[in-house]
Amino acid sequence: MLKHVKLFTPGPVEVDPEILQACAVPMVSHRGKEYEALHRRTRDKLRTMLNVVSGRVFLFTSSATGAMEASIRNLAGKRVLSCTCGAFSERWHEIAKENGREADAYAVEWGQPNRPEEIGRRLATGKYDCVTVVHNETSTGVMNPLADIADVLRKYPDVSFCVDAVSSMSGVEIDFEKWGIDILFAGVQKAFGLPPGLSVVAVRDRALQKAASMPARGHYFDLVQFKKYDDKNQTPETPVISLIHALDVQLDRMMKEGFAARYAKTLEMARACRAWAGERFALFPEKGYESVTLSAIRNTRGIPVDRLNAELKKRGCEISEGYGKIKSLSFRIAHMADITLKDLRELLAMIDEILPTLQ
Ligand SMILES: *Cc1c(COP(=O)(O)O)cnc(C)c1O
């Protein structure tokens, strides 16, 4: 058995025992009536959560990076504008190039957001037919102003608007329809609070039409095939049925709590964490762009984060070091999924207890 450590890391996250139980169900055929009913139920709840009206919700049996690749293969024709502000958005830019696409990065310094007006300035050149935006840059704790970016994109109806909401979806409200998003995706091991291995992918009808005319979409992430099978409440290949069952249960729990209540709870935890961090350290993101689902904290005291984490682990908890090039300069506390304010306060109290022993 793996030892249970309570995760305050931005994916995988702490998984509620009821959700773990929901993974342990008997198997059914993915071509049978039971699966079709499960598929329909789960998908329709996701449509409600994301406000998907003129579009589809697909379930990918892959981690979220698969959906990043799918967006490029299906929707990037002419040239991609990759908005980058940290490690995951940079990865998406690499994926575009690795798939042989012409792509330019609009890069900002880590800790800053991608600015709507800067995106607009680049789109005005007419060079692009696809733009990639990471809503919540998990490496820097920056939340991009998606509603304002959507306002800019509305002026460019020929540009596919691709949004990675991997670490924000279900923790923050996202309005797929109103914001005119073409493809929006998340991995369930983040704010959904499930074990990894499944991605939720919403695709607009017009994006499906574009995909149908795109050459060499590949096989596993061909959106046209996903649509064809979704018409029968199925997936093209064998899906991770146990996780879909757990997602169905989790969505029921969320609906019982109320999506708005869940968003409010996440924001309340973010505020508590920011207040704590502001008194002891500083926040990594530019003010006003702090993520709601995780706090990236600037290590202004130069503490050894690996030692802090080792001490936390002895007490049954774990946080994340900074990501990549900001590894020692920052650390991250996730407050998403089923973590509660009480859990967070306990963690912060533990850190306060450990801090004097580190300096
Ligand atoms: C975690 C993460 C990814 C990658 O997800 P995987 O499920 O590990 O493939 C992509 N984008 C963001 C913003 C993430 O937080």
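Predicted, not measured: the structure shown is a model, and the values here were computed from it.

### Quick look at the sheet that holds strand 5 (residues 130-134)
Phase 1: One open sheet holds the seven strands; their spatial order is 2-10-9-8-5-3-4, and the pairing between them is mixed. Looking along the sheet, the strands with just one partner apiece sit at the ends: strand 2 (55-60) and strand 4 (103-107). For this sheet, the mean angle separating the axes of adjacent strands, direction not counted, is 15°.
Phase 2: Bridge analysis of strand 8 (residues 160-164) against strand 9 (residues 183-187) gives three bridges, and the strand direction is parallel. Looking at the pairing, Cys162 lines up with Ile183 of strand 9.
Phase 3: Across the sheet, helix 7 (residues 205-212) is in contact with strand 2, strand 8 and strand 10 (199-204); its angle to strand 10 comes to roughly 90°.

### Comments concerning the domain arrangement of the chain
Phase 1: By the assigned domains, the chain splits into domain 1 (6-13 + 258-357) and domain 2 (17-255).
Phase 2: Once you take the C-alpha centre of each, domain 1 and domain 2 turn out to be 26 Å apart.
Phase 3: Buried surface at the junction of domain 1 and domain 2, summed over both partners, amounts to about 2500 Å²; 61% is from carbon and sulfur atoms.
Phase 4: At the surface where domain 1 touches domain 2, the tally comes to two salt bridges.
Phase 5: Asp338 is the partner of Arg253 in a salt bridge, and the nearest nitrogen-oxygen pair spans 3.1 Å.
Phase 6: The tally of links between domain 1 and domain 2 comes to 15 residue pairs in polar contact (both at pLDDT 80 or more).
Phase 7: Elements with a minimum of two residues in the side of domain 1 that touches domain 2: helix 10 (259-280) and strand 12 (294-298).
Phase 8: With four residues, helix 10 is the single largest residue contributor to the side of domain 1 that touches domain 2.
Phase 9: Considering only residue class, the side of domain 1 that touches domain 2 consists of 15 nonpolar, five polar and six charged.

### Examining the site of the ligand
Phase 1: As a matter of local geometry, the ligand sits amid 13 residues, with Ser63, Thr65, Thr138, Asp164 and Lys190 nearest to it.
Phase 2: Separating an oxygen atom of the ligand from a backbone N or O atom of Ala64 is a distance of 2.9 Å.
Phase 3: Burial of the ligand by the surrounding chains reaches 91%, relative to a free accessible area of 380 Å².
Phase 4: Residue assignment for the shell around the ligand shows that the elements contributing at least two residues are helix 3 (64-75) and helix 4 (87-98).
Phase 5: Class assignment for the residues of the shell around the ligand results in four nonpolar, six polar and three charged.

About the thresholds
In every chain, residue numbers begin from 1 and rise along the written sequence. With pLDDT at 70 or above as the cut-off, local features in this predicted model cover only qualifying residues; side-chain atom pairs require 80 or more to be listed or tallied, and sums for whole chains, interfaces and linings still use all residues. Neither water nor hydrogens contribute to the side-chain values; these are computed over all heavy atoms in the structure. In short, DSSP must find at least two bridges between two strands for them to pair. Only DSSP runs of H or I reaching four residues or more are called helices, and only runs of E reaching two or more are called strands; each is numbered from the N terminus. Each axis is a line fitted through C-alpha atoms, and for a helix only the stretch in contact is used; angles between axes span 0 to 180 degrees, taken between their N-to-C directions. Residue contacts are defined here by distance: any two heavy atoms, one from each residue, within 4.5 Å place the two residues in contact. An automatic or database domain assignment provides the domain bounds reported here. Throughout, the accessible surface (probe 1.4 Å) given up by two parts as they are put together, summed over both, is called the buried area. A pair is scored as a salt bridge if a Lys or Arg side-chain nitrogen falls within 4 Å of a carboxyl oxygen belonging to Asp or Glu. Pairs of N or O atoms within 3.5 Å make up the polar contacts considered here, provided that, within protein, one atom can donate a hydrogen while the other can accept it, and that residues adjacent in sequence are counted only when both atoms are side-chain atoms. Residues are sorted three ways: Asp, Glu, Lys and Arg are charged, Ala, Val, Leu, Ile, Met, Phe, Trp, Tyr, Cys and Pro are nonpolar, and all the rest, Gly among them, are polar. Whether a residue is near a molecule or strand depends on its heavy atoms: it is near if one of them lies within 4 Å of it. Reported accessibility uses the Shrake-Rupley method at a 1.4 Å probe radius. Residues are deemed covered only where the shown protein chains occlude them.

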